[in-house]
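Analysis of the macromolecular model
Residue-level listing of the chains:
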Amino acid sequence: GKTYRLIEGPNSYLRQELRKGTPPSKIAYLTFGKDPTLEVQRKLADIVKEFPQYKLDKDFTFFSTMHAMGKRHNKKFTGNNLLTGKEWNGFKKYICKGQGNQYFAKFPYDDKENDDGVMTFGNQYLKAVNLSRCRKITLREQHREMLVDNPNFKYSRLEVFNNYLIQYKKDHGMFDFTDMIDLFEKDKIMNNLNLEVIFLDEAQDLNPLQWDMFSYIEKHCLRSYIAGDDDQTIFKFQGADPTPFINLKGFVDDKETTLSWRVPKKVFDQAKRILNCITTRMPKKWEPKGEEGDFITNQLFHNLDYSKGQWFLLFRWKKDNSIVKKVKEHFYRKNIYFDKGNNLLPPKLVRALTVWKKLNNKEAIRGEEITDIWNYMSGKKIKPKGENLKKLKKARNEQLTLEDLMAEYGILGKGKWQDCFDLIKDLGQISYIESVEKDLNPKEKARVRIRTIHGAKGDEAENVVIFPDMPRPAWKSAKRDPDTEHRMWFVAVTRAKQKVYWLNPETEHYYRIGNRRIA
């Protein structure tokens, strides 16, 4: 209901702003993660039908994640001075040389924002430094908290790491992801932006540093619209704090959120059982929609029929999760298409297949949409690759047909992808693609989606399959802070528009609905 009221509904606050003449170039709409941002952009495609004077790719400049906002509008950030990927190798050599030993060489490096809006770090030193900054606490305080699960984590080494990182960034003019947020106010970026309105979605997930950035933007705007729900604060491990949201002053619009647009009665009943376990929360009026729905327990994932309808399969974690691996292997065998983490059909290949199909149907495609197909054709199908890719980048905004590509850009033939994408040689992959090809559409959600609970936040599906298993570190953390864990499973359950399938656990640590204490 929150996002519907903000942006999607016929009388949403965004539509009201556009109707009264506020140009989208003066509106910022900030979200927490990349997936919610993509969801907003999909909804904007429908909104611009009412406002044909605006172009989606040109006028809605400030609709992004907070990190993207901080990077895009600060001239300090260029393609070469951001510490990410290979750029971390320079710092790695710097600290090892300075220390005179290779202690810090044994750790992986990098920090990045994944699709869920979660910052991931290559090592615990990098994590501690960034979290202390995002949470606005001392390095010593952050280290003390991390000691609970990392008893061999030495503060003396963390202090050395932090000092070297600060000096390296200063000496080499480098920046990291946290700087995208931290420098937004320090560099007075709003002096160069002519904004009137700021929208903030999923406000309960902001950390203190992000709240500072938002407050700074808000001071330079005439109006602000903020949506959130403290019951969905599930990024506490990243410093998320619902308190600033709960204490906000202003007009509270709760009329549109008293009746759920999504959750049916039987799912609602279980969600309420979870909410009753949370000791600290803001009371709310909330009722289910009129449909009964269903909440089905004691199921096995491979007994469910995924051949039709929308499906979310939700996990507490995905990395190194053997259950996730079994689910993927089942879908491969049954020729069921799913999107995230699909090794046989990564997003780039989906885009390439879709574009190739359109080209063979004599449709014109923008140049920048075509570059993905180059990854799947050898020199026997395109000559020469490098030179033609450069030409294609210059034509990224032009409409090109397959005939244009054959005449000017080195494509040597047309026909089925099986004949032209000759770099795809795995017969199993070819067979899988042929079986699920009808389901491929990069502009629409896949029918079957595998997500962590964090990654599903803000999204929904007709059917939600929940795996209640917890990794041991999450289980230990939940015993110390059960409220955050209850909020996690509340978010999982309330993604369902029709049915929830609560599966049998496969491990010794798992969540039990209705138990206030984590057993």
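A short tour of the structure in this document, coming up. (Residues numbered from 1 in each chain as written. Predicted model: local features only at pLDDT ≥ 70, side-chain atom pairs only at ≥ 80, totals over all residues. Heavy atoms only, no water.)

The next thing to look at is the overall build of the protein chain. Check the secondary structure of the protein chain and you find 23 helices and 13 strands. Relative to the compact-globule value of 24 Å for 519 residues, the protein chain shows a C-alpha radius of gyration of 25 Å, a close match. For the protein chain, the proportion of its 519 residues judged to be buried stands at 49%. A fraction of 75% describes how many contacts in the protein chain between residues 6 or more apart in sequence connect residues 24 or more apart. For the protein chain, the accessible surface area stands at approximately 25,600 Å², while carbon and sulfur atoms represent 48% of it. Of the side-chain charges in the protein chain, 94 are positive and 71 negative, and the distance between the mean point of each set is 3 Å. (Helix = DSSP H or I, 4+ residues; strand = E, 2+ residues; numbered from the N terminus. Rg over C-alpha atoms; globule rule 2.2 N^0.38 Å. Buried < 20%, exposed > 50% of the residue type's maximum accessible area, 1.4 Å probe, protein only. Contact = heavy atoms within 4.5 Å. Areas by Shrake-Rupley, 256 points an atom, 1.4 Å probe, with all protein chains shown as cover. Lys, Arg positive; Asp, Glu negative; His and termini not counted. Charge placed at Lys NZ, Arg CZ, Asp CG, Glu CD.)

An order of 2-1-5-6 is seen for the 4 strands of this open sheet, with the pairing classed as parallel. Looking at strand neighbours, the two that pair on one side only are strand 2 (62-65) and strand 6 (223-226), the edges of this open sheet. Sheet twist, expressed as the average angle between the axes of neighbouring strands with direction ignored, equals 10°. Looking at chain direction, strand 1 (residues 27-31) and strand 2 are connected through 4 bridges and run parallel. (Pairing = 2+ DSSP bridges. Axes fitted to C-alpha atoms, helices over the stretch in contact; angles between N-to-C directions.)

A word on the pairing of strand 1. The element strand 1 is largely enclosed, with a buried count of 5 among its 5 residues. Side chains I27, Y29 and T31 of strand 1 all project onto a buried face; the interleaved residues A28 and L30 project onto the opposite face, where all are buried too. Bridging between strand 1 and strand 5 (residues 197-200) involves 4 bridges; their strand directions are parallel. In the strand pairing of strand 5, I27 is matched with V197.

With that out of the way, let us pick up the nonpolar core. Ranked by size, the top nonpolar core spans 52 residues in total, and within it Y306, L313, L345, W356, L405 and F421 carry the most contacts. No other element matches helix 15 (residues 347-360), which puts 7 residues into this core. Filtering out sequence-adjacent residues up to four positions away, L313 remains in contact with Y306, V327, F331, V448, R449, I450, R451, V465 and F467. Formed by 36 residues, the second largest nonpolar core is a distinct cluster that contains F32, I234, I278 and I466. (Core = buried A, V, L, I, M, F, W, Y, C linked by side-chain atoms within 4.5 Å.)

Once that is clear, we can look at the packing of aromatic side chains. Inspection of the entire model under this criterion finds 42 aromatic pairs. Taking 5.6 Å as the distance between ring centres and 45° as the angle between the ring planes, the aromatic pair formed by Y332 and F338 counts as tilted. Note on F338: relative accessible area 0%, which makes it buried. When the centroid spacing of 6.4 Å and the interplanar angle of 55° are considered together, the rings of W502 and Y511 count as tilted. Residue Y511 is classed as buried on the basis of its relative accessible area, which comes to 2%. Linked through ring pairs, W88, F91, Y94, Y103, F104, F107, Y109, Y125, F153, F161, Y164 and Y168 together constitute an aromatic cluster. Stacked on the ring of Y155, the Lys or Arg R140 has its end atom at 3.7 Å from the ring centre. Between the NZ or CZ atom of K391 and the centre of the ring of Y409, over which it lies, the distance is 5.2 Å. (Phe/Tyr/Trp six-rings, centres within 6.5 Å; stacked < 30°, edge-to-face > 60°. Lys NZ or Arg CZ within 6 Å of the ring centre and 35° of its normal.)

Secondary-structure assignment places D459 in the loop between helix 21 (453-456) and strand 12 (461-466). Separated by 2.8 Å, the side chains of D459 and R449 make a polar contact. In this view, D459 contacts E39, R262, F312, K445, R449 and R495; residues no more than four positions away in its chain are not counted. (Polar contact = N/O pair within 3.5 Å; in protein donor to acceptor, adjacent residues only side chain to side chain.)

Pairing of strand 7 (residues 294-299) with strand 13 (residues 496-503), which is carried by 5 bridges, proceeds in the parallel orientation. Following the sheet pairing, Q299 is matched in strand 13 by L503. Bridging between strand 12 and strand 13 involves 5 bridges; their strand directions are parallel. Considered in strand 13, the bridge of N463 is made with K499.

Turning our eyes to something else, we now look at the side chain of N123. By secondary structure assignment, the location of N123 is in the loop between strand 4 (119-121) and helix 7 (124-135). There is a polar contact of 2.8 Å between the side chain of N123 and the backbone nitrogen of L126. Other than its neighbours up to four places away in sequence, N123 contacts F107, P108, Y109 and F161.

Attention shifts here to the sheet that holds strand 13. Ordered in space as 7-13-12-8-11, the 5 strands form an open sheet in which the pairing is parallel. Looking along the sheet, the strands with just one partner apiece sit at the ends: strand 7 and strand 11 (448-452). Adjacent strand axes in the sheet meet at a mean angle of 20° when their direction is disregarded. As paired elements, strand 8 (residues 311-315) and strand 11 share 5 bridges and run parallel to each other.

The next thing to look at is the pattern of salt bridges. Note on pairing: side chains with opposite charge can pair once their charged atoms come close. Under the definition given, this model contains 40 salt bridges. For the salt bridge of D253 with R5, the shortest nitrogen-to-oxygen distance reads 2.9 Å. Highlighted residues: D253 in the loop between helix 12 (243-246) and helix 13 (265-275) and R5 in helix 1 (residues 2-8), separated in sequence by 248 residues. By relative accessible area, R5 is classed as buried at 16%. Residue K284 is joined to D231 by a salt bridge in which the shortest nitrogen-to-oxygen separation is 3.0 Å. Taken together, the residues K284 in the loop between helix 13 and strand 7 and D231 in the loop between strand 6 and helix 12 connect sequence positions 53 residues apart. For K284, a relative accessible area of 35% puts it in the partly exposed group. (Salt bridge = Lys/Arg side-chain N within 4 Å of Asp/Glu carboxyl O.)

With that out of the way, let us pick up unusual backbone geometry. Of note, the phi angle at K136 is positive, near 60°, even though the residue is not glycine. Relative to the helices and strands, K136 resides in the loop between helix 7 and helix 8 (139-146). Its identity is not glycine, yet K362 carries a phi of approximately 65°, on the positive side. With respect to the helices and strands, K362 occurs in the loop between helix 15 and strand 9 (365-366).

Let us now look at helix 9 (residues 155-172). The end-to-end C-alpha distance of helix 9 is 26 Å, a good match for the 26 Å that 18 residues give at a rise of 1.5 Å each. Within helix 9, the full set of buried residues consists of Y155, L158, F161, N162, L165, Y168 and K169. Buried residues of helix 9, viewed axially, fall in a sector of 150°; they line one side. Against helix 6 (88-99), helix 7, helix 8 and helix 10 (177-186) lie the buried residues of helix 9. Positive phi appears at G173, one or two residues downstream of helix 9, with a value of about 65°. (Expected span 1.5 Å × (residues − 1). Arc of directions from axis to C-beta.)

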